[in-house]
Amino acid sequence: MEFSAFVAARWRALTHTAYMLTGDFHEAEDLVQTTLIRVYPHWQRLQPEFAEHYVRRALVNTNRSRHRRRRIAHLLLPTLPDTRPVHDDGAGAGGVDAHDALARVLADLPERQRAVVVLRYCEDLSCEEVADILGCSVGTVKSQASRALAKLRTHPALAPHYLPSRVGDAR
């Protein structure tokens, strides 16, 4: 598959995944663009059936790097920047508000737990696929998912129907 065709076909899905990882639409677009810039030089060597997997893994790894750099920058700043999302009060789209609330709550999770939840439940990947993308064991994916879901269940911004009752219940 040609690189530009892949990007055109998968842009929306990659941006959605990045948004769930970052909690900010503009950062998500930057994350996808940065990832695609890093992937492009290696594109010709990729087998087409593994391209999606390779790009997802690169997206998660690029986010890890971004998160580390951002954490260092926050330590160096005298005050933390305002990270509240900008809302259009006139829109009234309940689905967008719920999606935004979920992204904000996910941003409160530790990086690894957030990546597991996004890949496992938002992207509907199996535990084995998530483990392969994150470079960890299936047991680690399950334990991180369990801990993340326990934290999310107690968060007041999320309704109980968003979350599976147990790790194995969802998809």
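Note: the structure precedes this text.
Keep in mind it's a predicted model, so treat the numbers as computed, not measured.

(A) Representation of the pattern of salt bridges. Tallied over the full model, the rule gives four salt bridges. Between Glu 52 and Arg 56 there is a salt bridge, with the nearest N and O atoms lying 3.3 Å from each other. Pair noted here: Glu 52 and Arg 56 are both in helix α3 (residues 51-76), with a separation of four residues, about one helical turn. A salt bridge links Glu 111 to Arg 64; the shortest N-O distance between them is 4.0 Å. Note that Glu 111 is positioned in helix α5 (residues 111-122) and Arg 64 in helix α3, a separation of 47 residues in sequence. We note that Glu 111, like Arg 64, is buried.

(B) Spotlight on the packing of helix α1 (residues 3-22) against helix α2 (residues 25-39). In the contact formed by α1 and α2, the axes pass within 8 Å of each other and the chain directions differ by 135°. As summarised for this structure, α1 and α2 are arranged oblique, according to the angle between their axes. Like other packed secondary-structure pairs, α1 and α2 cross with a definite hand, here right-handed. Contact residues: Phe 3, Val 7, Trp 11, Leu 14, Thr 15, Ala 18, Tyr 19 and Thr 22 in α1; Phe 25, Glu 27, Ala 28, Glu 29, Leu 31, Val 32, Gln 33, Leu 36 and Val 39 in α2.

(C) Inspection of the nonpolar core at higher detail. If you look at the biggest cluster of nonpolar residues, it comprises 43 residues, and the most contacted ones within it are Trp 43, Leu 106 and Leu 134. Where this core is concerned, the elements lending two or more residues are α1, α2, α3, α4 (94-107), α5, α6 (127-134) and α7 (138-153). The element best represented in this core is α1, accounting for eight residues. Those residues in contact with Trp 43, other than ones at most four positions away along the chain, are Met 1, Glu 2, Phe 3, Phe 6, Ala 51 and Val 55.

(D) Inspection of α5 at higher detail. Under the 1.5 Å per step criterion, the end-to-end length of α5 is 15 Å for twelve residues, consistent within 8% with the ideal 16 Å. For α5, a buried count of ten out of twelve residues is recorded, marking the element as mostly surrounded by other parts of the structure. Where α5 is concerned, the buried positions are Glu 111, Gln 113, Arg 114, Ala 115, Val 116, Val 117, Val 118, Leu 119, Arg 120 and Tyr 121. One or two positions beyond α5, positive phi appears at Asp 124, with a value near 60°.

Conventions and cut-offs
Residues numbered from 1 in each chain as written. Predicted model: local features only at pLDDT ≥ 70, side-chain atom pairs only at ≥ 80, totals over all residues. Heavy atoms only, no water. Salt bridge = Lys/Arg side-chain N within 4 Å of Asp/Glu carboxyl O. Helix = DSSP H or I, 4+ residues; strand = E, 2+ residues; numbered from the N terminus. Buried < 20%, exposed > 50% of the residue type's maximum accessible area, 1.4 Å probe, protein only. Axes fitted to C-alpha atoms, helices over the stretch in contact; angles between N-to-C directions. Parallel < 35°, antiparallel > 145°, perpendicular 65-115°, else oblique. Left-handed = near helix turned anticlockwise from the far one by under 90°. Contact = heavy atoms within 4.5 Å. Core = buried A, V, L, I, M, F, W, Y, C linked by side-chain atoms within 4.5 Å. Expected span 1.5 Å × (residues − 1).

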